Amino acid sequence: MIKMKNWTKRFLMSCLFLLAIGATFQSISGVNATLLLNSIAASNSSSEPASGTTTPLLEDAFDWSKYPKHTVTATGYTAGFESTGKNQGHPEYGITYSGVKVKRDLFSTVAADLTVFPIGTILFIPGYGYGVVADKGGAIKGNELDLYYETVEDVYKKWGKKKVDVYVVEKGNGTLTEAQLQTLNEDKSLQVFRQQYISSEKR
């Protein structure tokens, strides 16, 4: 009986210790526990593939149906004059409403109606990857998104305009920094997907 009580106490103390570590990590890094669990799952499911096997697509790596879904009209855009009215010499060229620079990566910057998706919201967009809401647009109303691409050619070749279901991985709190975006893109457990994405973009 005493042994059982001791074991129960140790088990509870271990659980509390792990919860404390998790809370500390989240408060310091700003990484949501949901995203962390996804990263761990990705690490487990996407370690170096065995010879003769291929890494699953990001679309197939998780059960996205567990996340809140929104049907949106998504349009590709660039930082250039054709999308923003700004040329490269403009002091705000390539700078989003949040203050971060536009980026096309595993976690790319996207623009949204901030009453629907606040700044910092992380979305999974099938066929595009992760999008982090960093910008807004005067013409973006309701369930609409603008997805950043580096060139007009990429916009037409790789996206254009589509109606698509997107999944809210983490709702933003209204802020986004370069450091946060960099941390997301450099998450070690997701690099296998990043490399897969980079390779596909170069083809």
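Rules behind the numbers
- Residues numbered from 1 in each chain as written.
- Predicted model: local features only at pLDDT ≥ 70, side-chain atom pairs only at ≥ 80, totals over all residues.
- Heavy atoms only, no water.
- Pairing = 2+ DSSP bridges.
- Helix = DSSP H or I, 4+ residues; strand = E, 2+ residues; numbered from the N terminus.
- Axes fitted to C-alpha atoms, helices over the stretch in contact; angles between N-to-C directions.
- Contact = heavy atoms within 4.5 Å.
- Salt bridge = Lys/Arg side-chain N within 4 Å of Asp/Glu carboxyl O.
- Buried < 20%, exposed > 50% of the residue type's maximum accessible area, 1.4 Å probe, protein only.
- Phe/Tyr/Trp six-rings, centres within 6.5 Å; stacked < 30°, edge-to-face > 60°.
- Lys NZ or Arg CZ within 6 Å of the ring centre and 35° of its normal.

*Asks:* Break down the sheet that holds strand S5 (residues 144–148) for me, with residues and values.
*Replies:* With mixed pairing, six strands are arranged side by side around a closed barrel as S1-S5-S2-S4-S3-S6. The average undirected angle you get between the axes of adjacent strands in this sheet is 45°. Pairing between strand S3 (residues 122–125) and strand S6 (residues 161–170): three bridges, direction antiparallel. If you follow Leu123 over to S6, its bridge partner there is Val168. Of the strands in this sheet, strand S1 (69–77), S3, S5 and S6 are in contact with helix H5 (residues 152–159), which crosses S1 at around 140°. The strands that helix H6 (residues 178–185) touches are strand S2 (107–112), S3 and strand S4 (129–135); relative to S2, the one it contacts most, it runs at about 130°.

*Asks:* Describe the pattern of salt bridges, naming the residues involved and giving the relevant values.
*Replies:* Tallied over the full model, the rule gives four salt bridges. Two residues, Glu92 and Lys86, come together in a salt bridge whose shortest N-O distance is 3.7 Å. You can call Lys86 partly exposed: its relative accessible area is 22%. With a shortest N-O distance of 2.8 Å, Asp105 and Arg194 are connected by a salt bridge. A residue pair is termed long-range when its members are at least 10 positions apart, and Asp105 in the loop between helix H4 (81–84) and S2 and Arg194 in helix H7 (residues 191–202) qualify at 89 residues. For the pair shown, Asp105 and Arg194 are each scored as buried.

*Asks:* Got a sec to walk through the environment of Tyr93? Specific residues and values, please.
*Replies:* Examined against the element boundaries, Tyr93 turns out to sit in the loop between H4 and S2. Tyr93 gets classed as partly exposed once you look at its relative accessible area, which sits at 27%. With 14 residues separating them in the primary sequence, Tyr93 and Ala79 have C-alpha atoms 6.6 Å apart. If sequence neighbours within four positions are ignored, Tyr93 has contacts with Ala79, Gly80, Lys86, Asn87 and Gln88.

*Asks:* So, the packing of aromatic side chains: which residues are in play, and what are the values?
*Replies:* Going through the model one piece at a time under the given rule, you end up with ten aromatic pairs. For the pair Trp64 and Tyr67, a centre-to-centre distance of 5.6 Å together with 40° between the ring planes defines the contact as tilted. Note on accessibility: Trp64 and Tyr67 belong to one class, buried. Considering the side-chain rings of Trp64 and Tyr130, the 6.1 Å spacing of their centres and the 75° angle between planes classify their relative orientation as edge-to-face. Pair noted here: Trp64 is in the loop between helix H3 (58–61) and S1 and Tyr130 is in strand S4, with a separation of 66 residues, a long-range link. Take Trp64 and Tyr130: they sit in the same class, and that class is buried. Chaining the aromatic ring pairs together yields one cluster made of Phe62, Trp64, Tyr67, Phe107, Phe124, Tyr130 and Phe193. The positively charged end of Arg104 is found above the aromatic ring belonging to Tyr128, 3.7 Å away from the centroid. The side chain of Lys162 reaches across the aromatic face of Trp159, ending 4.1 Å from its centre.

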